[in-house]
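Structural description and commentary
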Amino acid sequence: MNSIVIIFLIFLAGAVLTYIGQRLSNILGSSLFLLTIFAATAQFYLRVNTGDIFSFSLNGLEMEWGITPISWLFSLIVLGLGSMAAVYSISAMKAKERLGYFYFNFIMGIFSMMGILLSRDLVSFFIFWEIMTWSSYMIVIYEGRSVQKVGIKYFLFSAIGAYAMLMAIVIIYSQVHSVLIEDLVYSFSSFTLAYKIWLPILLLTGFGVKAGMMPLHVWAPGAYSHSPMAYSSLFSGALSKMGVYGMVLVFSMLITQIPEHLLIREVIAWLGALTAAIGTLWAIAQDDAKKLLAYSSVAQLGYIITGVAVGTELAMLAAIFLAVLHALFKGTLFMVVGAIEKQTGTTNLTEVTGLIRKMPWTFIAALMSIIALAGIPPLGGFVGKWMLYEALIASDHYILVVLIFFASTAGFLYCYKFLFGFFLGQEEKEWAHVKEAPATMVVPMLIFSVLLFVLGTFPGLLLKPIDIGMQELGYAASEGHYWTMSVLFNEYGNAIMLQPILYAIIAIFLFFLVFLTAKAFKGTRYVSTKDISSSGEVPGEFENLSFKENFFQPFLRAVEPVMKRQIDWYYTLVGNGMEALFNFVRRVYTGNGQTYAIYAIVFLVILLLLKSNLFG
């Protein structure tokens, strides 16, 4: 039996058995859950090779499943993050209800994402896309909070994207009489100009929804923050990359065949940059860590979308590199928040404080991820952002550079807010009982932290497979010399030319680690934020004088004009207008037979009175 088919069967059988096993025993359900994901992962990396294809027919349609260099690269995100998130969820979801429901949809989510990456035809692609939407929707509403507002919004926007994709597939089949992606790319040059414009727009609408591109992003903050943190890491880190993967295919295979003056690249690049900037501002304004990370995810995806849309060799290299890095650091940060929520019962940055001594390993994972997110050397986020800046400058997108750089710089504010809010503030007595999270939650975070360091120091480990994938997309073969596209790398391309800075940073970090550790043993008295006086008056027990309250208000007041209206407001306005229209129609169609009879008589009378004018 074909290895790809075996992987799909492992996922499907494992999902069903896990659901049944969980009803019999928690241990059995959790064991089957982990076994399913690790067995499918092992089968993929041990038995499936790039270029493998499984062909079959369905109702006369020729369909294919197979692995390409670029889909293999994105499978690293899905299976790598999925495996670690599965381990993390064992402790994170402990004592939760309906675990069989959660595990089933978790497995189906990974199954569907791998199906998308392995699909070489549009019908399979669409079917797996819908399974991904349904499974993720079921987890968004898992906890039963704000189902109407969050769950329905997510499903509605997913439906809009799905119908746009379905319309494009129908048009493609009418022109090519095939659903194979290869046949579409080969025949696209013969399409009329109207189809060449509208087909990419329809496909980008569907992919833009999942990638969180403005103005299609409004579902993302609520869906990311309301999902269980055990799944949010996969939701933000992997599921959003399916949208990025689709956009990569559209821009590299279809839009390259469209005249540049149509400005599709420019429009999407600007939407990506605006997504990065506005998403960052809204992240700064959040006091709940879940929503902060949700808006931050939208912002970080904006960088990736901009790189994909610009589409030069260096821009695409930077975008895909950032896509992998985003999966690592954002997946880790959602895990960090989940661990804090597990140990404290809240994710409010104004409530929890001083956890650095209580949860030191979680702090290290958070610190490494924040450094990568902020684009600070020596971690991988710096490499990706630097290449993106270079790509934008080299392609004469100077205003975009300013906007992206603003988003990146402003991102330092919510990075600091996150670290200080949870870890670096004064210790409070109400959190004296807090302990480090269980090992199954901490170990995945630390593994990702190490990977962030390794990929920042030796980016060639990731750039080489990206380079191979880009050649499959039609970019010129670089013969391994992908580092010549950036001034950042050494002559061999296996490391960045920042080793002296790296060693200095490590030395400074170790110095302060030793200094602060020694200082802690000298009997320093730690006081809480309440142990102060103000103008001769002792604050009351519940008066919070920490400057975590109303973080960055002067900055937020300065950018208030940009944030005055959320895009959500416009969608709500349209929704209210449609509701009013439907209410009017409902008054006309009352369901009363006598009323319909009167309508028919009135219609006939009008026809008789106007028959000479209408029929001559």
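The following paragraphs examine the structure supplied in this document. What you see is a predicted model; the values in this text were computed from it and never measured.

**Some thoughts on the overall build of the protein chain**
In terms of regular secondary structure, the protein chain is built from 24 helices and two strands. Burial statistics for the protein chain: of 616 residues in total, 54% are counted as buried. Here the analysis covers contacts within the protein chain between residues at least 6 apart in sequence; of these, 79% occur between residues at least 24 apart. In the form shown here, the protein chain has an accessible surface area of approximately 27,500 Å², with 67% of it arising from carbon and sulfur atoms.

**Thoughts on unusual backbone geometry**
With omega at 5 degrees, the peptide bond leading from methionine 214 into proline 215 counts as cis. Along the chain, the position of proline 215 falls in the loop between helix 8 (193–210) and helix 9 (220–226). Residues other than glycine seldom take positive phi values, yet arginine 98 does so here, at roughly 55 degrees. Judged by its relative accessible area of 46%, arginine 98 falls in the partly exposed class. Of note, the phi angle at aspartate 396 is positive, near 65 degrees, even though the residue is not glycine. Relative accessible area serves as the criterion here: at 54%, aspartate 396 is assigned to the exposed category.

**Things to note about the environment of methionine 368**
Within the secondary structure, methionine 368 sits in helix 14 (residues 360–374). Counting along the chain gives eleven residues from methionine 368 to leucine 379, while the straight-line C-alpha distance between them is 7.8 Å. In this structure, methionine 368 is in contact with Leu379, Ser449, Leu452 and Phe453, ignoring residues within four places of it in sequence.

**Things to note about the side chain of threonine 346**
Looking at the element boundaries, threonine 346 is found in the loop between helix 13 (313–344) and helix 14. Residue threonine 346 is classed as buried on the basis of its relative accessible area of 13%. Among the polar contacts made by the side chain of threonine 346, one reaches the main-chain amide nitrogen of asparagine 348 at a distance of 3.2 Å. For threonine 346, the side chain forms a polar contact with the side chain of glutamate 351, separated by 3.1 Å. Ignoring sequence-local partners within four residues, the contact set of threonine 346 consists of Ile340, Glu341, Glu351, Val352 and Trp431.

**Observations concerning the environment of proline 200**
By the secondary structure assignment, proline 200 is in helix 8. For proline 200, a relative accessible area of 0% gives the class buried. Sequence-wise, proline 200 and alanine 168 are 32 residues apart; in three dimensions their C-alpha atoms are separated by 8.2 Å. Those residues in contact with proline 200, other than ones at most four positions away along the chain, are Phe188, Tyr195, Val250, Ile255 and Ile258.

**Regarding the nonpolar core**
Core analysis: the biggest nonpolar cluster contains 193 residues, and Phe106, Met247 and Phe418 have the highest contact counts within it. Sorting elements by how many residues they give to this core places helix 13 first, with 22 residues. Each of domain 1 (1–258) and domain 2 (263–500) accounts for three or more of the residues forming this core.

Quick notes on the rules
Residues numbered from 1 in each chain as written. Predicted model: local features only at pLDDT ≥ 70, side-chain atom pairs only at ≥ 80, totals over all residues. Heavy atoms only, no water. Helix = DSSP H or I, 4+ residues; strand = E, 2+ residues; numbered from the N terminus. Buried < 20%, exposed > 50% of the residue type's maximum accessible area, 1.4 Å probe, protein only. Contact = heavy atoms within 4.5 Å. Areas by Shrake-Rupley, 256 points an atom, 1.4 Å probe, with all protein chains shown as cover. Polar contact = N/O pair within 3.5 Å; in protein donor to acceptor, adjacent residues only side chain to side chain. Core = buried A, V, L, I, M, F, W, Y, C linked by side-chain atoms within 4.5 Å. Domains from an automatic or database assignment.

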